[in-house]
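The lines below spell out each chain.
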Amino acid sequence: VGFAVMSLTAYGLVVHFRTDRAMRAGRVYLGLALVGEVLLLSGLMAAAAAAGTDMAAVREALGDRANLPAAALVVAGLGVKAGLVPLHGWLPVAHPAAPVPASAVLSGAMVKAGLVGWLHLLPIGTHSLPELGSWLVALGLVGIFGAVALGLLQDEPKVQLAYSTVSQMGYLAVTVGAGLREASVG
């Protein structure tokens, strides 16, 4: 619920100036945010159906290979918030439309919430999900290098900041993906 509330309240930051550009950015942001929330909720509901409503049991269920689709939905749902390629489309649109302090919130707290969700919900280090981990590593690498290339082609500083955020979150996605690929020993 907290993730959904944060997503919906950030809409106000994006549309603050109420220009045509801001309103379009708000629609793009809200559309992707809602897609992310639906994916996350679907993944959590699928895991809860397998494990019950206890969050520790849900995390355990997400580590079960039989629930790989649920874990993938959780990764994708939180990936929208984290700016994971190809789910990052809201960042370069929302940043330039929002006031400078709101851009800082979008690059700071908002995308890190996706990371916190991954760290809290995924069975990193306890269960091996090599397929999902490999996909996350690959998408993270595309984000690292692709977003830098796209950012270098931009003239507007806030759009450059958005692509820099996507790139930096790519490093964290690679790390989370690597943690999902291998369970810790001992």
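Residues numbered from 1 in each chain as written. Predicted model: local features only at pLDDT ≥ 70, side-chain atom pairs only at ≥ 80, totals over all residues. Heavy atoms only, no water.

**Student:** How would you explain helix H2 (residues 20-51) if you had to name every residue and give the values?
**Tutor:** Its 32 residues give H2 an end-to-end C-alpha distance of 46 Å, which sits within 8% of 46 Å, the value for a rise of 1.5 Å per residue. Tucked inside the fold, the buried residues of H2 contact helix H1 (2-14), helix H3 (55-62), helix H4 (68-82), helix H5 (90-97) and helix H6 (100-121). Just past H2, the residue Gly52 takes up positive phi, approximately 100°. (Helix = DSSP H or I, 4+ residues; strand = E, 2+ residues; numbered from the N terminus. Expected span 1.5 Å × (residues − 1). Contact = heavy atoms within 4.5 Å.)

**Student:** An account of the packing of H5 against helix H8 (residues 157-181) is requested, with residue identities and associated values reported.
**Tutor:** Contact pair H5 / H8: the axes reach a minimum separation of 8 Å and the direction vectors enclose 145°. When you trace H5 past H8, the crossing you get is right-handed. Here Leu91, Pro92, His95 and Pro96 of H5 come into contact with H8, specifically with Lys158, Val159, Leu161, Ala162, Tyr163, Thr165 and Val166. (Axes fitted to C-alpha atoms, helices over the stretch in contact; angles between N-to-C directions. Left-handed = near helix turned anticlockwise from the far one by under 90°.)

**Student:** Could you give an account of the layout of surface pockets, with specific residues and numbers?
**Tutor:** Of the pockets and cavities examined, the largest pocket occupies roughly 220 Å³. Lining the largest pocket we find Val1, Phe3, Ala4, Glu37, Leu40, Leu41, Leu44, Met55, Val116, Gly117, His120 and Leu121. Residue classes in the lining of the largest pocket are distributed as nine nonpolar, two polar and one charged. (1 Å grid on protein atoms, 1.4 Å probe; cavity = no way out; pocket = protein on both sides within 12 Å on 5 of 7 lines; lining within 4 Å. Points joined across faces, edges and corners; volume = space filled by probe spheres on them. Nonpolar A, V, L, I, M, F, W, Y, C, P; charged D, E, K, R; others polar.)

**Student:** Residues and numbers for unusual backbone geometry, please.
**Tutor:** With omega at 5°, the peptide bond leading from Val85 into Pro86 counts as cis. In this fold, Pro86 is placed in the loop between H4 and H5. The residue Arg18 is not glycine, and still its phi comes out positive at about 60°. Position of Arg18 relative to the elements: it lies in the loop between H1 and H2.

**Student:** Describe the pattern of salt bridges, and please don't skip the residues or the numbers.
**Tutor:** Enumeration according to the criterion identifies three salt bridges in this entry. Ionic pairing is found between Glu131 and Arg65, a salt bridge with its closest N-O pair at 2.5 Å. Highlighted residues: Glu131 in helix H7 (residues 130-152) and Arg65 in the loop between H3 and H4, separated in sequence by 66 residues. Glu131 gets classed as partly exposed once you look at its relative accessible area, which sits at 35%. Of the residues examined, Arg65 reaches a relative accessible area of 44% and is grouped as partly exposed. (Salt bridge = Lys/Arg side-chain N within 4 Å of Asp/Glu carboxyl O. Buried < 20%, exposed > 50% of the residue type's maximum accessible area, 1.4 Å probe, protein only.)

**Student:** Before we move on, could you go through the packing of H2 against H5 and cite the residues and values that matter?
**Tutor:** Running from N to C, H2 and H5 cross one another at 145°; their axes reach a closest spacing of 9 Å. For H2 against H5, the interelement crossing comes out left-handed. Across from Arg21, Ala22, Arg24, Ala25, Val28, Tyr29 and Leu32 in H2, the residues of H5 making contact are Trp90, Val93, Ala94, Pro96 and Ala97.

**Student:** Please set out empty space enclosed by the protein residue by residue, giving values where relevant.
**Tutor:** Taken as a whole, this structure holds one cavity of 30 Å³ or more when the rule is applied. Taken together, 13 residues form the lining of the largest cavity, with Ser7, Ala33, Glu37, Val80 and Lys81 sitting closest to its centre. Broken down by secondary-structure element, the contributors of at least two residues to the lining of the largest cavity are H2 and H4. Per-element accounting of the lining of the largest cavity gives the leading share, six residues, to H2. The residue makeup of the lining of the largest cavity, split by class, is eight nonpolar, three polar and two charged.

**Student:** Kindly report on the environment of Ala102, identifying the contributing residues and their values.
**Tutor:** Residue placement: Ala102 occurs in helix H6. The class for Ala102 is buried, based on a relative accessible area of 4%. Separated by 34 residues in the primary sequence, Ala102 and Leu136 have C-alpha atoms spaced 28 Å apart.

**Student:** Describe the nonpolar core, listing the residues and the values that go with them.
**Tutor:** With 45 residues, the main nonpolar core has Leu62, Trp90, Leu106, Trp118 and Leu136 as its most contacted residues. Of all the secondary structure elements, the ones that give two or more residues to this core are H1, H2, H3, H4, H5, H6, H7 and H8. When residues in this core are grouped by element, the largest group, eight residues, is from H8. (Core = buried A, V, L, I, M, F, W, Y, C linked by side-chain atoms within 4.5 Å.)

Any functional reading would require information that these geometric values do not contain.
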